[in-house]
Amino acid sequence: MAYNVTLIPGDGIGPEVTTSAREIIDATGLKINWEICEAGAEVFKKGLATGVPQETVDSISRNKVALKGPLETPVGFGEKSANVTLRKMFETYGNIRPVKEFPGVATPYSGRGIDLVIVRENVEDLYAGIEHMQTPSVAQCLKLISRKGCEKIVRLGFEFAKSQNRKTIHCATKANIMKFSEGMLKRTFEDIAKEYPEIEAQHIIVDNCAHQLVRRPEQFEVIVTTNMNGDILSDLSSALIGGLGFAPGANIGDNACIFEAVHGSAPKYAGENTINPMAVILSGVMMLRHLGEFKAALDIEHALYVTCAVDKALTRDVVGNTSATLTTDFTKKVIGNLGKRYEAVKDRDYKPLVVNNSNIPVAPITPKERFVEGVDIFFETTKPIGEFGKIMEEAAAEASLKLKLITCRGMKIYPTTENTTTDLIDQVRVRFIGSGPLSDAMIQNLIAVVSTRGSWSHIEKLHVFDGKQAYTKAHGED
Ligand code: NAP
């Protein structure tokens with residue numbers, strides 16, 4: 001059987017590592033028709049703001065499977081990440097990142113049996129990149145987390161654990177601080193865990209998770225987490241097993257899967273033929289298992305074990321390694337070792353990963369009762385807070401509402417509190433509350449009234465769902 005796979009060589013070291021992976025996969029005897037497609041830096045240079053040409057989109061849509069090299073993203077300026085665009089375009093909602101001790105690769109953790117997998121939500125959270133400047137000196141990034149998105153990633157986590165016969169799963173969140181957004185993942189995890197009684201499910205606060213990963217990584221099997229947490233935890237975890245050169249990944253969607261290393265384009269090593277191709281080769285191994293080619297996947301894994309542990313051929317990045325095998329020589333050695341077995345590693349009994357997310361409704365939660373009891377309006381101002389507070393009190397009275405409080409970066413600063421240490425900036429949030437439910441007409445009237453008294457940039461409704469306030473109190477609020 002022949003497979004059609006989209007191959008995106010990518011930027012920097014991308015062409016070197018993807019060539020290595022492709023040659024090794026081809027050497028297993030599998031018939032793969034590689035469709036070579038562009039994305040990333042060269043595409044940006046041609047003036048295409050997405051960094052992903054239509055031919056590449058068409059190829060992935062057709063083939064539903066892609067092996068991708070890293071793509072460069074300008075830091076702090078310029079276009080959006082073509083990586084994130086691809087993940088969002090194909091709704092690859094789950095990013096699976098295995099972290100496994102590799103034989104022959106000595107690290108301070110060697111022998112402890114690290115074999116964990118981070119299952120990272122891949123399309124929501126801060127990485128949706130919904131950013132605005134609220135004032136010329138205050139930036140905002142919206143952290144949107146949906147129940148549907150959480151259900152999809154949590155189910156993927158549990159089904160993944162099942163497919164690899166793993167017994168425990170952790171959910172790492174910052175729900176102690178971000179009770180609604182990060183809390184959404186925690187609540188969803190606790191709900192869905194009931195459907196998988198055979199898997200021990202536990203929540204862990206993400207900062208402690210980082211600590212525990214360094215202290216005792218062998219305690220983890222599967223960690224489900226939000227997008228940004230997962231990005232950071234997986235880079236951290238890769239360092240435990242020898243670095244980013246050993247960390248593969250799979251972007252899983254219902255309509256397409258894109259396999260790629262965790263690492264980026266490491267431009268300083270581009271063209272040197274010294275970079276470690278293993279992360280992309282192992283991403284290729286994940287791709288083969290996704291295609292159902294379990295034997296070819298295992299053959300490559302064992303050829304890698306033999307190359308690293310028996311031949312002791314390791315690339316420059318492996319700490320303490322003196323052989324500094326070139327990327328192309330490493331590739332040749334792996335190809336030469338195909339068919340050999342390295343008995344010291346016990347193979348997992350891999351089963352196909354089957355996740356059915358098709359019946360999750362667009363809005364999985366529908367409260368019986370809901371109303372809006374107020375609004376938060378964000379203003380740009382440098383007026384003394386006492387003076388600005390009085391102006392807003394007048395506006396509230398004119399709109400037949402009450403001013404509840406004013407905050408600066410979440411801390412109550414009006415009506416006056418004992419707190420005198422909040423360092424003011426040129427942006428405040430004013431909370432207006434009604435004596436009953438607020439209609440849109442009342443809110444529009446309030447906007448008209450405050451617009452004559454201040455410069456506002458952003459508004460949020462304060463919802464009450466089934467009797468529960470669906471917004472957080474300010475720090476310092478009673
Ligand atoms: P990076 O490219 O991952 O490189 C960081 C460091 O990790 C390298 O300097 C090197 O460490 C090590 N490293 C990475 N890949 C390696 C490999 N295959 N073998 C051995 N060592 C490896 O991260 P970055 O420098 O932060 O980002 C560079 C560019 O890549 C940026 O434009 C970023 O946006 C992009 N990026 C893309 C993706 C993606 O396409 N999915 C992911 C992350 C970053 P030493 O310096 O210690 O040798």
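Residues numbered from 1 in each chain as written. Predicted model: local features only at pLDDT ≥ 70, side-chain atom pairs only at ≥ 80, totals over all residues. Heavy atoms only, no water.

1. Side note on the site of the ligand
So, point 1. Contacts to the ligand come from 23 residues, most closely from T73, G264, A266, K268 and Y269.
So, point 2. Within the contact set of the ligand, an oxygen atom lies 2.7 Å away from a backbone nitrogen or oxygen of A266.
So, point 3. Contacts to the ligand include N276, whose backbone N or O atom sits 2.9 Å from a nitrogen atom.
So, point 4. Protein coverage of the free-state accessible area of the ligand, which is 880 Å², stands at 68%.
So, point 5. A breakdown of the residues in the shell around the ligand according to their chemical character gives nine nonpolar, seven polar and seven charged. (Near = heavy atom within 4 Å. Polar contact = N/O pair within 3.5 Å; in protein donor to acceptor, adjacent residues only side chain to side chain. Areas by Shrake-Rupley, 256 points an atom, 1.4 Å probe, with all protein chains shown as cover. Nonpolar A, V, L, I, M, F, W, Y, C, P; charged D, E, K, R; others polar.)

2. Some details on the pattern of salt bridges
So, point 1. One pass over the structure, following the stated rule, counts 32 salt bridges.
So, point 2. Across the salt bridge formed by D231 and R120, the nearest N and O atoms sit 3.6 Å from each other. Within this pair, whereas D231 is found in helix α8 (residues 227-240), its partner R120 is found in strand β5 (residues 115-121), the two being separated by 111 residues in sequence.
So, point 3. Ionic pairing is found between K186 and E190, a salt bridge with its closest N-O pair at 2.9 Å. Taken together, the residues K186 and E190, both in helix α6 (residues 181-193) and four residues apart, mark about one turn of the helix.
So, point 4. Assessed through its relative accessible area of 35%, E190 is described here as partly exposed.
So, point 5. A single network of salt bridges, built from pairs that share partners, joins D376, K404, R429, R431 and E477. (Salt bridge = Lys/Arg side-chain N within 4 Å of Asp/Glu carboxyl O. Helix = DSSP H or I, 4+ residues; strand = E, 2+ residues; numbered from the N terminus. Buried < 20%, exposed > 50% of the residue type's maximum accessible area, 1.4 Å probe, protein only.)

3. Notes on the environment of G389
So, point 1. For G389, the location among the structural elements is in helix α12 (residues 385-398).
So, point 2. Each residue touching G389, except ones within four places of it in the same chain, is listed here: L403, I406 and Y414. (Contact = heavy atoms within 4.5 Å.)

4. Examining the packing of helix α10 (residues 294-310) against helix α11 (residues 327-337)
So, point 1. Contact pair α10 / α11: the axes reach a minimum separation of 8 Å and the direction vectors enclose 120°. The angle between the axes of α10 and α11 places the two elements in the oblique class. Note on packing geometry: the crossing formed by α10 with α11 is right-handed. Here α10 contributes A303, L304, V306, T307 and C308 to the contact with α11, which in turn contributes F330, K333, V334 and N337.
So, point 2. The residue inventory of the contact of α10 with α11, partitioned by class, reads six nonpolar, two polar and one charged. (Axes fitted to C-alpha atoms, helices over the stretch in contact; angles between N-to-C directions. Parallel < 35°, antiparallel > 145°, perpendicular 65-115°, else oblique. Left-handed = near helix turned anticlockwise from the far one by under 90°.)

5. A short note on the sheet that holds strand β18 (residues 468-469)
So, point 1. Taken together, six strands build an open sheet; the order of strands is β15-β14-β16-β13-β17-β18 and the sheet is antiparallel. Of all strands in the sheet, those with a lone pairing partner are β15 (411-414) and β18, marking the two edges.
So, point 2. Two strands pair when backbone bridges link them, and strand β13 (residues 370-380) and strand β17 (residues 455-465) are joined in this way by 10 bridges, in the antiparallel orientation. In the sheet register, E380 faces β17, and the bridge partner there is S455.
So, point 3. Sitting on the sheet, α12 touches β13, β14 (402-408), β15 and β16 (427-433), and the angle it makes with β14 is about 150°. (Pairing = 2+ DSSP bridges.)

6. Section: the domain arrangement of the protein
So, point 1. Taken domain by domain, the protein holds domain 1 (1-91 + 267-346) and domain 2 (370-469).
So, point 2. Placing the centre of domain 1 and that of domain 2 at their C-alpha centroids yields a distance of 52 Å. (Domains from an automatic or database assignment.)

7. Here's the deal with the nonpolar core
So, point 1. L67, F158, M287, L288 and L304 are the most contacted members of the largest nonpolar core, which has 86 residues in total.
So, point 2. Once residues within four sequence positions are removed from consideration, L304 is found in contact with F102, M278, I281, L282, F330 and V334.
So, point 3. One finds I377, I391, L403 and C408 within the second-largest nonpolar core, a separate group that totals 25 residues. (Core = buried A, V, L, I, M, F, W, Y, C linked by side-chain atoms within 4.5 Å.)

8. Here's the deal with the pairing of strand β10 (residues 222-225)
So, point 1. The side-chain alternation of β10 yields two buried faces, one formed by V222 and V224 and the other by I223 and T225.
So, point 2. As paired strands, β5 and β10 are joined by four bridges and run parallel to one another. From the neighbouring strand, V117 faces β10, where its bridge partner is V222.
So, point 3. In terms of strand pairing, strand β8 (residues 168-173) meets β10 through three bridges, oriented parallel. In the sheet register, C171 faces β10, and the bridge partner there is V224.

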